[in-house]
Structure formats: structure tokens, C-alpha cells
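Residues per chain, in single letters:
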Amino acid sequence: MGAVAVFRAVTAVEGAGSNGAYIHDRRGGEREELAESPGHRLSRHELDQLYSLTMQAGIAAGTVILSGPAREGIVPADAYRRLAADLEETGCTVIADLAGDRLTAAVNGGVALVKVSHDELVDSGRADSTGPDDLIRAMRGLVGEGAATVIVTRADLPSLLLLENEVHEVHAPSLETVDTSGAGDSLTAGTAAALASGESLLEAVTQGSAAGALNVTRHGLGTGDADTIRQLMGLVRIVPYRGGHQPERARGTAADEPAKGLRTE
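Procedures and definitions
- Residues numbered from 1 in each chain as written.
- Predicted model: local features only at pLDDT ≥ 70, side-chain atom pairs only at ≥ 80, totals over all residues.
- Heavy atoms only, no water.
- UniProt positions renumbered as here; feature names shortened; annotations may be inferred.
- Axes fitted to C-alpha atoms, helices over the stretch in contact; angles between N-to-C directions.
- Helix = DSSP H or I, 4+ residues; strand = E, 2+ residues; numbered from the N terminus.
- Parallel < 35°, antiparallel > 145°, perpendicular 65-115°, else oblique.
- Left-handed = near helix turned anticlockwise from the far one by under 90°.
- Contact = heavy atoms within 4.5 Å.
- Salt bridge = Lys/Arg side-chain N within 4 Å of Asp/Glu carboxyl O.

Going by the annotation in an unreviewed UniProt entry, the name recorded for the chain is 1-phosphofructokinase, with Arthrobacter subterraneus given as the source organism. Listed in UniProt under the heading Sequence similarities (unreviewed entry), the comment for the chain reads: "Belongs to the carbohydrate kinase PfkB family."

Structure, rendered in C-alpha cells:
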């Protein structure tokens, strides 16, 4: 349920049921799902243990990502609301990478950042379409419910960022895609790691976007090396949203500008 940034140890809760698991075949170069088990719903005792461990790790790390299991019903949605509220109370920076009822619950608890995809906003009924106007209305709705900042990924289109009531586009390098799986997780992880290191939110989103851009070039889920991510950060551009207008040189190149990590226009 909860993944904590900058926390090297893995803590676990012993339970009577089974964990979620999947088997993928990648021998042909593509990801083919052969089998998947969602796992069992946590018992009250197991949930209490997991809650305590997440609080403990979150307080130690200072930055927390709340993410969800692969299937509904494993963890009650209200657990995310309580965790968000309690972690915020301890001074943690809480990031929600969730959808549906779990996203609603976490936002109601109060979070520093929400990362959600355009498809997830439509599927949950928060947005009528994946058009930018509908997405921006949904983003403002999330802020009204308790999110400080919202970033919406849009597949191969620039992400939308709502920060301090202003909407921006996040332009990342468009690299040759091997596998899109895990790109959103890489964005979230890169953003969280930067925030945990004391970077500003704009710097954090720049790092996360670079990590997400790199991930699509790799076969592993949520992978990428730090040196390449740092180089790609110089090609990320965060610019004001102008209703579909593409600002000149929004993407930039290493040839025409040195890598600076961030540029706003």
C-alpha cells in the first residue's frame, strides 16, 4: 500500500493470505501476461500492522508515496485518508499515486502532490473526456478537495501541472519507446526522491519527468540510471499552459541549450 521514498529497508507484515503476484513472458520482446493473482484482502490485524509500519517509515523518511494494490478491495479506501491525514500531521510530504476511491480518500486527508493519468480521471468520472479543459477542471476539483499540487500524465502528450492555481505543461524528451509500463511510477519516484532531498516542487517534477522519459527506453518496470536522468533533466521544459498552443522551443535540445535542470517560460 505505501511506498516510502529514500527508505532503504523493506518492511513486511506477515499475513494468513497470499500476496498479489503476476507472471509475464517477455521472451518475444513484448510483455505477455500469463497469469495474475490479486492477493487477499488484509485482515484488521494485518491492516493495523501495515498502518503502523507505514507511519514509522514515513516519519523517518519525511517523504511518502501512497500507492495502491493492483486490484480493488485489498486495502479499504479509508485507510488512505487516515494515512494521508496522520502523515501530514507529522510533517511528512505526502504524494498520492492513486485512482478512484483511493485517490478521493487520500485527497480528503490532505496531500502535497497528486499524480494521476488522464485515463484514470475519465474512468473514475472526474473528467468527462481526456481533453485538456476537462482535465484541468478535474485537477482544480482535486485541489478543492485537499491536494496542494496535481500533475496529470497524458501518454505521449505533455503532462499538465497545476501548481499554486497556475496550469503548466511539462514537456519531456520524446524517446523511442520499448515499453511504456512503469513510466508513471518512475515519474512519481523521481519526483519524490527530489522532494526528499529538499528540492523545490518544480525541480522535483523536472527530475520525475526525466525519469519517466527514460523508463520507456528500457524493458524493466520503473528503472533508469541516475546519470542519464540528470542529463535528461536539461531537456525538460515547464511552460505556462496556453490552451493548446505549443510554445516555441518548449522541448529544447542539448545542442541548442546546455543542461540546466529546469527552465520556466
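Draft legend 1. Molecular detail of the packing of helix H1 (residues 44–61) against helix H2 (residues 78–89). Contact geometry for H1 and H2: axes closest at 11 Å, N-to-C directions at 30°. Classified by the interaxial angle, the pair formed by H1 and H2 is roughly parallel. Relative to H2, H1 is oriented so that their crossing is right-handed. Facing H1, whose interface residues are Leu47, Tyr51, Thr54, Met55 and Gly58, H2 presents Ala79, Arg82, Leu83, Asp86 and Leu87.

Draft legend 2. The arrangement of the environment of Arg154 in detail. Here Arg154 lies in strand S7 (residues 147–154). On a C-alpha basis, the gap between Arg154 and His118 in space is 5.5 Å, while along the polypeptide they are 36 residues apart. Each residue touching Arg154, except ones within four places of it in the same chain, is listed here: His118, Pro132, Leu135, Leu160 and Glu169.

Draft legend 3. Focus on the pattern of salt bridges. With the rule as written, the count across this model stands at six salt bridges. Of the charged contacts in the structure, one is a salt bridge between Asp134 and Arg137, with a shortest N-O distance of 2.3 Å. One end of the pair, Asp134, and the other, Arg137, are both in helix H5 (residues 132–145), three residues apart, so they sit about a helical turn from each other.

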